[in-house]
Amino acid sequence: MANSSRHVNSVSVVLASKPTPRQAQDVALLSNDGAEIDFCYRLRRSAKRKTLEIRVSDGQVTVAAPTLAPLKSIDAFVQSRRHWVLSKLCEQRSALNVIQARGFEAGAQWPYCGEMLTLAIECEPQKKVGSGVIREGSTLHIYLSGRSQKPHDEQVVDRLTQWYKQEASVVLAEKSRDMAHRLGLASILGNIKIRQTKTRWGHCTSKGDLQFNWLIMLAPEPVIDYLVAHEVCHLRHFNHSRAFWTLVESVCPEFRQHRQWLKLHGPGLRIQVPAR
Ligand SMILES: [Zn+2]
């Protein structure tokens, strides 16, 4: 999160740490199901190059451009190719990503904070069981209502969503408080809120409130810890300056790797019924 309103402060689109001679631009796109997918492209300028060229490999977008090509025309070029870029990215990311393919039947496995939980589907007893989900070790019992008109998968999605949100609010608040304490920032840490936003994983307000996208709970725990460290470090540095990244690195030495993981796999962290 930065203090300029034009700055894109989603962690998922945090750019390469060395901006020169490479530069990157953020582009937001809509995928087929209407969900927003962010990508940033790496700009490589070369004096020898006469034309613009866009490449997508390993889930990353690179634009090669002549040294003097104006950013405006490079941006327009990327926009004009966005459907092609998106289809390539989706193809590559889904190949790289196993999370999207998870099912909603008994035995399906769902990641939770670095663990794998196996779904057990049960009929809701006469007396309602809280949110309809009970965790027992690595089993997640999902209680479905026999009276609901909703299809099976949608009921499971509802229950899972509610459960992940509840867990996220407890776990992320605890992790944020621990991290703030570790950095001596506990006194300026405000409220911790759980949201689902299309473009941001986390957000820090000028009041010291932190917001997190609960879907981060589907990521490995070191990635969750990186996100928490990132937002808590904004309590001291309200920008993405060198000093900010140095502070992040002091508590999360592998942050580059986790940031990269989030860029690559973030779009696949979802709980939704596949389109029929
Ligand atoms: Zn940030």
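Residues numbered from 1 in each chain as written. Predicted model: local features only at pLDDT ≥ 70, side-chain atom pairs only at ≥ 80, totals over all residues.

Per an unreviewed UniProt entry, the chain is named YgjP-like metallopeptidase domain-containing protein, and its organism is Marinibactrum halimedae.

Trainee: Explain the overall build of the chain to me, please; I cannot follow it from the model alone.
Mentor: Looking only at helices and strands, one finds 6 helices and 11 strands in the chain. Expressed as a percentage of its 276 residues, the buried residues of the chain come to 29%. Restricting the contact set of the chain to residue pairs at least 6 apart, pairs at least 24 apart contribute 51%. (Helix = DSSP H or I, 4+ residues; strand = E, 2+ residues; numbered from the N terminus. Buried ≥ 20, exposed ≤ 12 C-beta atoms within 10 Å, placed from the backbone. Contact = placed C-beta atoms within 7 Å.)

Trainee: Would you mind showing me how to read the sheet that holds strand β8 (residues 139-144) here?
Mentor: As a general point, the strands of a sheet are linked pairwise by backbone hydrogen bonds and lie either parallel or antiparallel. The mixed open sheet is built from 4 strands, whose spatial order is β5-β6-β8-β7. At either margin of the open sheet sits one strand with a lone partner, and together these are β5 (109-112) and β7 (133-136). Between one strand axis and the next, the sheet turns through 35° on average, direction left out of account. Docked against the sheet, helix α3 (residues 152-182) engages β5, β7 and β8, running at close to 125° with respect to β8. (Pairing = 2+ DSSP bridges. Axes fitted to C-alpha atoms, helices over the stretch in contact; angles between N-to-C directions.)

Trainee: Where do I start with the environment of Ser-145 in this structure?
Mentor: For Ser-145, the position within the fold is in the loop between β8 and α3. What makes Ser-145 partly exposed here is the crowd of 13 C-beta atoms within 10 Å.

Trainee: Before we go on, may I ask you to explain unusual backbone geometry in this structure?
Mentor: For residues besides glycine, phi is generally negative; the peptide bonds are generally trans as well. Within the chain, Cys-113 stands out as a residue other than glycine whose phi angle is a positive 50°. Of note, Cys-113 is situated in the loop between β5 and β6 (115-123). Look at Cys-113 and you get buried, because 20 C-beta atoms sit within 10 Å.

Trainee: Where do I start with the pairing of β5 in this structure?
Mentor: Residues Trp-110 and Tyr-112 point to one face of β5 and are all buried, whereas Gln-109 and Pro-111, pointing to the other face, are not buried. Here 4 bridges tie β5 to β6, and the two strands are oriented antiparallel to one another. Counted as the bridge partner of Pro-111 is Met-116 from β6. Connecting the antiparallel pair β5 and β6 is a turn made up of 2 residues, with Cys-113 showing a positive phi of about 50°.

Trainee: What am I meant to see in the packing of helix α4 (residues 221-233) against helix α5 (residues 242-251) here?
Mentor: A pair of packed helices is characterised by two quantities: the angle between their axes and the separation of those axes. Where α4 meets α5, the axes come as close as 9 Å, and the angle between the chain directions of the two elements is 140°. Taken together, the axis directions place α4 and α5 in an arrangement best described as oblique. Handedness of the α4/α5 crossing: right-handed. For the pair α4 and α5, the contacting residues are Ala-229, His-230 and Cys-233 in the first and Phe-244, Leu-247, Val-248 and Val-251 in the second. (Parallel < 35°, antiparallel > 145°, perpendicular 65-115°, else oblique. Left-handed = near helix turned anticlockwise from the far one by under 90°.)

Trainee: Explanation requested: the sheet that holds strand β9 (residues 192-195) in the structure shown.
Mentor: Read from one edge of the open sheet, 3 strands run β9-β11-β10, paired in mixed fashion. A single partner strand is all that each edge strand has here, and the edge strands are β9 and β10 (202-204). Ignoring which end each strand starts from, the neighbouring axes of this sheet average 15° apart. Pairing of β10 with strand β11 (residues 210-213) involves 3 bridges; the strand directions are antiparallel. Pairing of His-203 across the sheet is with Gln-211, part of β11. Contacting β10 and β11, α4 crosses the sheet at an angle of about 20° to β10.

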